[in-house]
Amino acid sequence: MAAIPIELPPAAPASPGVPTGYDWYVVATLFAVSVLGYVDRVILSFLVEPIKADLALSDKQVGLVVGTAFAVLYVIGGIFLARVLDGRRRMPVLAACIIVWSAGTLVSGLAGGFALLFVARMLVGVGEAGLNPAAISIISDRFDATRVQRPLGLFTTGLYVGGGLAMMGGGKLLAELAARPPQHLPLVGVLEGWRMVFVLLAIPGVVLAVLLLATVRDRQRASPDAPAPAHGGAWRFVRANAALVTLLATSVVAWSMNNYGLLNWYPAMLMRSHGMTAQDVAWTYGPAFLLGGMTGCLGAAPVQRALARRFGMVLSPFALTLGCMATLAVTTFAGPLMPDRGSAVAFAAINMFVSAMSVTSVFILIVAVAPPRMRALFTGFYMALVNLTGGAFGSVLVGALTDNVLGAERLNVSLSVMAAVFGPLATVLMLFAIRIVRTRGIAAAG
């Protein structure tokens, strides 16, 4: 197996040179799905304190619900669904995923204890497992390699728009519902404010699933004579580049341990360390999350183009990811230790900016390297990896540090400890991966 330089793969033959208005409509629809998905995912983090009090959960149990429960079926379902999605049945599969995670959101609001809440978040996880593989595959089939960075950045902003809306809208909704007596729903019973938030969020998923099926057409992914991916081709590719893949994977794992712990616990940290109420967090951290994430995602494409002029198209996605990881190692360490709420929220915006750019850079890297008929699969592998590690255990490790070592009042120190350990590790491993790419290139799996 000969080593050859990495090159951006050409666009699928069926993709037009200039995107049409309908192509951008597809991106906008997927963006809306992404917003909803992340609202349903992150709203639990914002509602941690009332849920913990109502269901008598420990910090470790909160970590299991926020992280592990979501990740278990997200990992298993992600790889399976990615294979199905590479088989071209993308729209029906994605619509079904939306319905499943919306059902999980509904059940989250009806849970009477830890066990049912855990199961409900598993449903959210398996439903959302198909979102990113489907969207990355669909978008990259509609935009060629020189134009795909911008729509990928726009799609990725859905994570941060959804998170920001969950915090701002969820905080306002929770405050209004908390001021009222518990609501009585037919066939359900009496529901507290945090439960009503989940129930109301389950409704838009049905609407988006129908819209997707009715208005979004799939694109033929390649010309009739384009070869289908060989059975076992992905595994041969991994074996041919074992050192590079190992370094990339472990770098992403370390990054995700820090990143997921921060995302899931930062709102609770602001409440504990700075005496902020849920509504305070909603209207300070929420905008920081929203604006920092959006600008980071949309900024990835121009920054990559600037890096490409210096390092070339081959190394620019790697260089972008390296810079983001190095910066994030510093800012995620400093942010939780800030002495006042203003500086802590300001660092949250910085963290979101850099984190969002790093997430987008990884998606750009997958599209740049993976063959067109394997992009959903490699995206599924990536999402499975980060959720099996950082998603499943990053939040749990933070909770375990507070429960068993530092104490609940020092949640901010737990977050900084995570950053001090995993941030530099991720950066060093990515640097070694870049050295391999520069000296050996990437082997073709023949």
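Residues numbered from 1 in each chain as written. Predicted model: local features only at pLDDT ≥ 70, side-chain atom pairs only at ≥ 80, totals over all residues. Heavy atoms only, no water.

K.L.:
Could you give an account of the overall build of the protein, naming the residues involved and the relevant values?
P.N.:
If you tally the helices and strands in the protein, you get 16 helices and four strands. Evaluated residue by residue, the protein yields a buried proportion of 58% over its 446 residues. Restricting to contacts in the protein with at least 6 residues of sequence separation, those with at least 24 account for 84%. Total accessible area on the protein stands at roughly 17,000 Å², and carbon and sulfur atoms take up 70% of it. (Helix = DSSP H or I, 4+ residues; strand = E, 2+ residues; numbered from the N terminus. Buried < 20%, exposed > 50% of the residue type's maximum accessible area, 1.4 Å probe, protein only. Contact = heavy atoms within 4.5 Å. Areas by Shrake-Rupley, 256 points an atom, 1.4 Å probe, with all protein chains shown as cover.)

K.L.:
Summarise the pattern of salt bridges; cite the residues concerned and give the values.
P.N.:
Overall, the coordinates contain seven salt bridges when judged by the stated rule. With a shortest N-O distance of 2.8 Å, Asp59 and Lys52 are connected by a salt bridge. A relative accessible area of 21% places Lys52 in the partly exposed class. A salt bridge links Arg272 to Asp59; the nearest nitrogen and oxygen atoms lie 3.0 Å apart. Note that Arg272 is positioned in helix H11 (residues 242-274) and Asp59 in helix H3 (residues 59-86), a separation of 213 residues in sequence. Judged by relative accessible area, which is 23%, Arg272 ranks as partly exposed. (Salt bridge = Lys/Arg side-chain N within 4 Å of Asp/Glu carboxyl O.)

K.L.:
Explain the packing of helix H12 (residues 278-311) against helix H13 (residues 316-334) residue by residue, including any values.
P.N.:
Viewed as axis vectors pointing N to C, H12 and H13 meet at an angle of 120°, and their least axial separation amounts to 8 Å. Between H12 and H13, the interaxial angle falls into the category oblique. In the crossing of H12 with H13, the sense of the turn from one axis to the other is right-handed. Contacts between H12 and H13 involve Ala300, Val303, Gln304, Leu307, Ala308 and Phe311 from the first element and Ser316, Pro317, Ala319 and Leu320 from the second. (Axes fitted to C-alpha atoms, helices over the stretch in contact; angles between N-to-C directions. Parallel < 35°, antiparallel > 145°, perpendicular 65-115°, else oblique. Left-handed = near helix turned anticlockwise from the far one by under 90°.)

K.L.:
Which residues make up the nonpolar core, and what are the values?
P.N.:
Membership of the largest hydrophobic core comes to 128 residues, with the highest contact counts inside it found for Ile51, Trp255, Tyr266, Leu270, Tyr285 and Tyr382. With 16 residues, H11 is the single largest residue contributor to this core. Residues within four places of Tyr285 in sequence aside, it is in contact with Met167, Leu263, Tyr266, Pro267, Leu270, Asp280, Val345, Ala348 and Met352. (Core = buried A, V, L, I, M, F, W, Y, C linked by side-chain atoms within 4.5 Å.)

K.L.:
Account for the packing of helix H1 (residues 21-46) against helix H9 (residues 203-215), with residues named and values stated.
P.N.:
In contact at an axis separation of 10 Å, H1 and H9 are set at 160° when each is read in the N-to-C sense. Considering their axes alone, H1 and H9 lie roughly antiparallel with respect to each other. In this structure, H1 crosses over H9, and the sense of that crossing is left-handed. Contacts from Tyr22, Tyr25, Thr29, Ala32, Val33 and Leu36 of H1 reach H9 at Pro204, Gly205, Leu208, Leu211, Leu212 and Thr215.

K.L.:
Outline a nonpolar patch on the surface, supporting the account with residue identities and numerical values.
P.N.:
On the surface, Ile99, Val206 and Val210 cluster together into a nonpolar patch covering about 250 Å² of accessible area. By secondary structure assignment, the location of Val210 is in helix H9. Residue classification places Val210 among the exposed residues on the basis of a relative accessible area of 53%. (Patch = residues over 30% accessible without salt bridge, like charges linked within 9 Å, V, L, I, M, F, W, Y side chains within 5 Å.)

K.L.:
So what's going on with the confidence of the model for the protein? Which residues, and what values?
P.N.:
Overall, the predicted model of the protein reaches an average pLDDT of 81, with 86% of residues at or above 70. Long-range and interchain partners of residues 1-16, a stretch whose pLDDT sits below 50, account for 46 contacts in this model, where long-range means more than four residues apart. Across residues 222-228, where pLDDT falls below 50, the model places four contacts with residues more than four positions away in sequence or in other chains. (pLDDT = per-residue confidence, 0-100.)

K.L.:
For the side chain of Thr156, give the residues involved together with the corresponding values.
P.N.:
Following the sequence through the fold, Thr156 ends up in helix H7 (residues 149-178). The contacts of Thr156, once residues within four sequence positions are left out, are Cys297, Val359, Thr360 and Phe363.

K.L.:
Let's hear about the packing of aromatic side chains: which residues, and what values?
P.N.:
Taken as a whole and assessed by the stated rule, the structure comprises nine aromatic pairs. Grouping aromatic residues by their ring pairs yields a cluster made of Tyr38, Tyr160, Tyr266, Tyr285 and Phe289. Sitting over the face of the ring of Tyr22, Arg217 holds its NZ or CZ atom 4.2 Å from the ring centroid. (Phe/Tyr/Trp six-rings, centres within 6.5 Å; stacked < 30°, edge-to-face > 60°. Lys NZ or Arg CZ within 6 Å of the ring centre and 35° of its normal.)

K.L.:
I'd like a rundown of helix H14 (residues 341-369), residues and numbers included.
P.N.:
For H14, which comprises 29 residues, the first-to-last C-alpha distance of 42 Å matches the rise-based estimate of 42 Å (1.5 Å per residue) to within 8%. Taking burial as the measure, the 29 residues of H14 include 21 buried ones, the bulk of the element. (Expected span 1.5 Å × (residues − 1).)

K.L.:
A description of unusual backbone geometry should follow, citing residues and the corresponding values.
P.N.:
Phi at Ala56 takes a positive value of approximately 55°, unusual for a residue other than glycine. In this structure, Ala56 sits in the loop between helix H2 (48-55) and H3. On the accessibility criterion, Ala56 (64% relative accessible area) is exposed.

K.L.:
Describe the environment of Met383, naming the residues involved and giving the relevant values.
P.N.:
Structurally, Met383 is set in helix H15 (residues 375-406). Considering only alpha carbons, one finds Met383 and Ile79, 304 residues apart in sequence, at a separation of 8.7 Å. When residues no more than four places from it in sequence are discounted, the contact partners of Met383 are Tyr74, Asn132 and Phe363.

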